[in-house]
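# Summary of the model geometry
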Amino acid sequence: MKFHLHVGVVQCEDADTLEQVLASANCAGRVLARPAPNVAVLETEDAARLVEALNERGLHPKVLK
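Conventions used here
Residues numbered from 1 in each chain as written. Predicted model: local features only at pLDDT ≥ 70, side-chain atom pairs only at ≥ 80, totals over all residues. Heavy atoms only, no water. Helix = DSSP H or I, 4+ residues; strand = E, 2+ residues; numbered from the N terminus. Expected span 1.5 Å × (residues − 1). Contact = heavy atoms within 4.5 Å. Core = buried A, V, L, I, M, F, W, Y, C linked by side-chain atoms within 4.5 Å. Buried < 20%, exposed > 50% of the residue type's maximum accessible area, 1.4 Å probe, protein only. Pairing = 2+ DSSP bridges. Axes fitted to C-alpha atoms, helices over the stretch in contact; angles between N-to-C directions.

What follows is about helix 2 (residues 44–56). Between its first and last C-alpha, helix 2 extends 18 Å over 13 residues, near the 18 Å set by a 1.5 Å rise per residue. Contacts from the buried residues of helix 2 go to strand 1 (7–11), helix 1 (15–24) and strand 3 (39–43). Backbone geometry just downstream of helix 2 places G58 in the positive-phi region, at approximately 85°.

Within the largest apolar cluster, 12 residues are counted, these being V10, C12, L18, V21, L22, A25, C27, A40, L42, L50, A53 and L54. For this core, the secondary structure elements donating two or more residues are helix 1, strand 3 and helix 2. Once residues within four sequence positions are removed from consideration, V21 is found in contact with C12, L50 and L54.

Moving on to the sheet that holds strand 2 (residues 33–36). The strand order 1-3-2 describes an open sheet built from 3 strands, whose pairing is antiparallel. For this open sheet the edge positions go to strand 1 and strand 2, each flanked by a neighbour on one side alone. Strand-to-strand, the axes of this sheet are offset by a mean angle of 25°, without reference to chain direction. Pairing of strand 2 with strand 3 involves 2 bridges; the strand directions are antiparallel. For A33, the partnering residue across the bridge sits in strand 3 and is V41. Those strands touched by helix 1 are strand 1, strand 2 and strand 3, and its axis lies near 20° from that of strand 3. Against the sheet, helix 2 touches strand 1 and strand 3, its axis set at about 115° to strand 3.

Now the structure itself:
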């Protein structure tokens, strides 16, 4: 069993939305894992950058810590 404590998990309604969200912050190539088509695991810094990019576009994702 492995625990990764310093990652961010992004979950969207569908795979297409996830791809658009990842592209908006140039994180598509930095995904660590895709446990489901609509879920991506990123380093925490990349997840934070993604939230910033969405906020700048007027979108406010739900963020759980």
